[in-house]
Amino acid sequence: MVHSASGSSPRSNDSSAPAACARIFAPVLIATLSLCSCSASGGAGGAVSVSAFQAWPGQNAVATVDLADTFPSNLSGLFYEPAQGAAPAVLWGVLNGPSKIYRLLDNGKNWASDTDRGWAAGKTLHYASGLGSPDTEGITKTGAGSTVLYTASERDNENKGVSRLVVSMFDGNSASATINAQRDWDLTSNLPVMGANFGLEAITWIPDAYLVSHGFIDESKNEPYDPARYANHEGGLFFVGIEGNGTIYAYALDHIGGGYTRVATIASVNPRIMDLNFDREVGYLWAACDDSCQGRTNVLEIDTRPGSPTEGKFNVRHGFERPSTMPNINNEGFAITPEASCASGFKSVFYSDDDDTNLHAIRRDSIPCGAFL
Ligand SMILES: [Ca+2]
Ligand SMILES: [Ca+2]
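Residues numbered from 1 in each chain as written. Chains lettered and ligands numbered in written order. Predicted model: local features only at pLDDT ≥ 70, side-chain atom pairs only at ≥ 80, totals over all residues.

Enquirer: What exactly am I supposed to notice about the pairing of strand 4 (residues 75-81) here?
Expert: One face of the sheet, then the other: side chains in a regular strand alternate in exactly this way. With seven of seven residues buried, strand 4 lies mostly within the body of the structure. Summarising the sheet, strand 4 and strand 5 (residues 90-96) pair through six bridges and their orientation is antiparallel. In the strand pairing of strand 5, Y80 is matched with L91. (Buried ≥ 20, exposed ≤ 12 C-beta atoms within 10 Å, placed from the backbone. Helix = DSSP H or I, 4+ residues; strand = E, 2+ residues; numbered from the N terminus. Pairing = 2+ DSSP bridges.)

Enquirer: Please clarify how the pairing of strand 25 (residues 346-353) should be interpreted in this entry.
Expert: Where burial is concerned, most of strand 25 is hidden: seven out of the eight residues are buried. In the sheet, strand 24 (residues 331-336) pairs with strand 25 via five bridges, with the strands oriented antiparallel. Within strand 25, the position partnered with N331 by the bridge is D353. One ladder, built from seven bridges, connects strand 25 with strand 26 (residues 362-368); its direction is antiparallel. Bridging across to strand 26, F346 finds its partner in P368.

Enquirer: Could you clarify how one ought to interpret the environment of N96 in this entry?
Expert: With respect to the element layout, N96 can be found in strand 5. Along the chain, N96 and D135 lie 39 residues apart, while their C-alpha atoms are 4.5 Å from each other. Look past the residues within four positions of N96 in its chain and what remains in contact with it is N74, S76, D135, T136 and E137. (Contact = placed C-beta atoms within 7 Å.)

Enquirer: Is there a simple way to think about the sheet that holds strand 20 (residues 275-279) in this case?
Expert: The antiparallel open sheet is built from four strands, whose spatial order is 20-21-22-23. Two strands lie at the open edges of the sheet, namely strand 20 and strand 23 (314-320), each paired on one side alone. The sheet shows a mean angle of 25° between the axes of neighbouring strands, taken without regard to direction. Summarising the sheet, strand 20 and strand 21 (residues 284-288) pair through five bridges and their orientation is antiparallel. When the bridges of strand 21 are listed, D279 appears paired with Y284. (Axes fitted to C-alpha atoms, helices over the stretch in contact; angles between N-to-C directions.)

Enquirer: I would appreciate a short explanation of the environment of I329 in the present structure.
Expert: Relative to the helices and strands, I329 is located in the loop between strand 23 and strand 24. Spatially, the C-alpha atoms of I329 and D355 are 7.6 Å apart, while their sequence positions differ by 26 residues. Those residues in contact with I329 that lie beyond four places of it in its chain are D291, D353, D355 and T357.

Enquirer: How should I be thinking about unusual backbone geometry in this particular structure?
Expert: Both trends apply: most residues other than glycine have a negative phi, and most peptide bonds are in trans. Residue P98 follows G97 across a cis peptide bond; omega there is 0°. Structurally, the position occupied by P98 is in the loop between strand 5 and strand 6 (99-106). Phi angles above zero are rare outside glycine, and N74 is one such case at about 80°. The residue N74 is located in the loop between strand 3 (63-64) and strand 4 in this model. On the basis of neighbour counts, which here come to 23 C-beta atoms within 10 Å, the residue N74 falls in the buried class. For L359, which is not glycine, the phi dihedral falls at a positive 70°. Summarising the element assignment, L359 is placed in the loop between strand 25 and strand 26.

Enquirer: When you look at the sheet that holds strand 9 (residues 134-140) in this model, what are you seeing that I'm missing?
Expert: Each strand in a sheet pairs with another by means of backbone hydrogen bonds, the pair being arranged parallel or else antiparallel. Taken in spatial order, the four strands of this open sheet run 9-10-11-13, and their pairing is antiparallel. Of all strands in the sheet, those bounded by a partner on one side alone are strand 9 and strand 13 (183-186). Pairwise comparison of adjacent strand axes, ignoring direction, gives a mean angle of 25° for this sheet. Here seven bridges tie strand 10 (residues 148-156) to strand 11 (residues 163-171), and the two strands are oriented antiparallel to one another. Within the sheet, the bridge partner assigned to A152 lies in strand 11 and is V167.

Below is the structure:
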């Protein structure tokens, strides 16, 4: 994220777009999500730009769900791991500085640090070299049951002026309070040059089964994605997002040889991106922005329309304003809960606020269950 001077990220006052404008945002795949110009009612005849983003589809009942001032700053990424057997659901969080992963459990009222196995104050992170302090802005996991945690980081906190765009894997079962990455994939040379604080913010993993069944195109081969081409890639692709250009990049990561292949480049359409979360049950890729884009979120899907110019590629399906009860705060993390948690047609989503606004860094709202677009 980038801290901006107070007042430079004005609160959105355009979250209630006129209906005529909202309808322009057709519920189909769109190439661009530029602002539409609509005449403001009661205006002097001059057109004004009004957001084409739709109202947030959740319950708009944002509540804080962390103990006050647990994370004074820099809680920047979230991943929700559903309960498995006797193991409780876990809300994983990353702090970009100091570099830490937190394992948070639901105590019935708040999500608080697991007090077991060295997790009480979060675990300090180093690169695979055992050195450095990765500025970790995103976190994810692969298939159910995996104990490995993946982070996206944008620089070494010990060398803050230099962009270093790295995906790292960590052993989530380690009992140590300090953990070294098991492997780093340094993607810097494969990505656009960015300011050191405009780099990797977002990461999510999408399983091969979804990609193949939806005809995902491997842009490096210009053919349908064939997982067999990529050795030891952990059953899916890693999608990362770059803050500085709001763009998403899909990678096959070789977990044995350490190499990587960029498979796709995708516009999130927002000018910035802070987190990605793939809803594995519904098939929606959620791309969230922070206060620099008024907390807007875009939902992407693979275009499966035969003959479409973008067939096999992720496109933005819908864009949403932030929840109406959420102030325009520096939310850098976004996580979705499983369908099994649905109640009255909604399931929870979580936000992490790098700025700990009003002494709280984790907030909850909801989205509709199932495929609602
Ligand atoms: Ca951050
Ligand atoms: Ca950062």
